[in-house]
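Overview (structure and organization)
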Amino acid sequence: MATEPVVRQLQGSPGPDGWWADGVAQELGLLPQGEPRPDAGRHLGVRPFTSGDAVVARRAAAALTRSP
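Residues numbered from 1 in each chain as written. Predicted model: local features only at pLDDT ≥ 70, side-chain atom pairs only at ≥ 80, totals over all residues. Heavy atoms only, no water.

A word on the overall build of the chain
- For the chain, the count of helices and strands is three helices and two strands.
- Counting only residues that meet the buried cut, the chain has 10% of its 68 residues in that class.
- Taking contacts inside the chain between residues at least 6 apart in sequence as the whole, the part at least 24 apart equals 19%.
- Of the roughly 5,600 Å² of accessible surface on the chain, 56% is carried by carbon and sulfur atoms. (Helix = DSSP H or I, 4+ residues; strand = E, 2+ residues; numbered from the N terminus. Buried < 20%, exposed > 50% of the residue type's maximum accessible area, 1.4 Å probe, protein only. Contact = heavy atoms within 4.5 Å. Areas by Shrake-Rupley, 256 points an atom, 1.4 Å probe, with all protein chains shown as cover.)

Here it is as C-alpha cells:
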C-alpha cells in the first residue's frame with residue numbers, strides 16, 4: 001500500500017535533468033538499475049490495500065490518518 005510519491009521513491013523516477021534517478025528498490029538490489037523495462041524480468045508491484053475484514057479495514061484507515 002503506497003501513495004504515488006512513495007512508489008517513485010521505491011522505483012525511481014526521472015530527475016530534474018531528465019536522467020533516471022534510481023530509487024530505494026534499486027539501491028537494495030530488488031530491481032535492476034535504471035528505468036524499469038517491461039522485459040527486465042523483475043518487477044516491484046505496489047497495489048492499494050484492501051481488506052475483507054471490517055476490523056482490519058478500520059485499523060488500516062485509522063493508521064493512514066495518523067501523523068508520524
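On we go from here.
A few points about helix α3 (residues 54-65)
- With twelve residues, α3 ought to run about 16 Å at 1.5 Å a step, and its terminal C-alpha atoms sit 17 Å apart, in line with that.
- Measuring from the side-chain oxygen of the N-cap residue of α3 to the backbone nitrogen of Val 55 gives 2.8 Å; that N-cap residue is Asp 53. (Expected span 1.5 Å × (residues − 1). Polar contact = N/O pair within 3.5 Å; in protein donor to acceptor, adjacent residues only side chain to side chain.)

Some details on the side chain of Gln 26
- Position of Gln 26 among the secondary structure elements: in helix α2 (residues 24-27).
- Among the polar contacts made by the side chain of Gln 26, one reaches the main-chain amide nitrogen of Gly 23 at a distance of 2.7 Å.
- Beyond its immediate stretch of four places on either side in the chain, Gln 26 contacts Leu 10, Gln 11, Gly 12, Trp 20, Leu 31, Pro 32, Gln 33 and Gly 34.

Details of a nonpolar patch on the surface
- Together, Val 24, Leu 28 and Leu 30 make up a nonpolar patch on the protein surface, roughly 290 Å² of accessible area in all.
- The residue Leu 28 is located in the loop between α2 and α3 in this model. (Patch = residues over 30% accessible without salt bridge, like charges linked within 9 Å, V, L, I, M, F, W, Y side chains within 5 Å. Salt bridge = Lys/Arg side-chain N within 4 Å of Asp/Glu carboxyl O.)

A short note on the environment of Asp 17
- Of note, Asp 17 is situated in the loop between β1 (13-14) and β2 (20-21).
- Here the side chain of Asp 17 touches Trp 19 through a polar contact of 3.0 Å, landing on its backbone nitrogen.

Considering the environment of Gly 23
- Within the secondary structure layout, Gly 23 lies in the loop between β2 and α2.
- A relative accessible area of 4% means that Gly 23 is categorised as buried.
- Residues Gly 23 and Ser 13, spaced ten residues apart in sequence, show a C-alpha to C-alpha distance of 7.4 Å.
- Non-local contacts of Gly 23, meaning those with residues more than four positions away in its chain, are made with Gln 9, Leu 10, Gln 11 and Gly 12.

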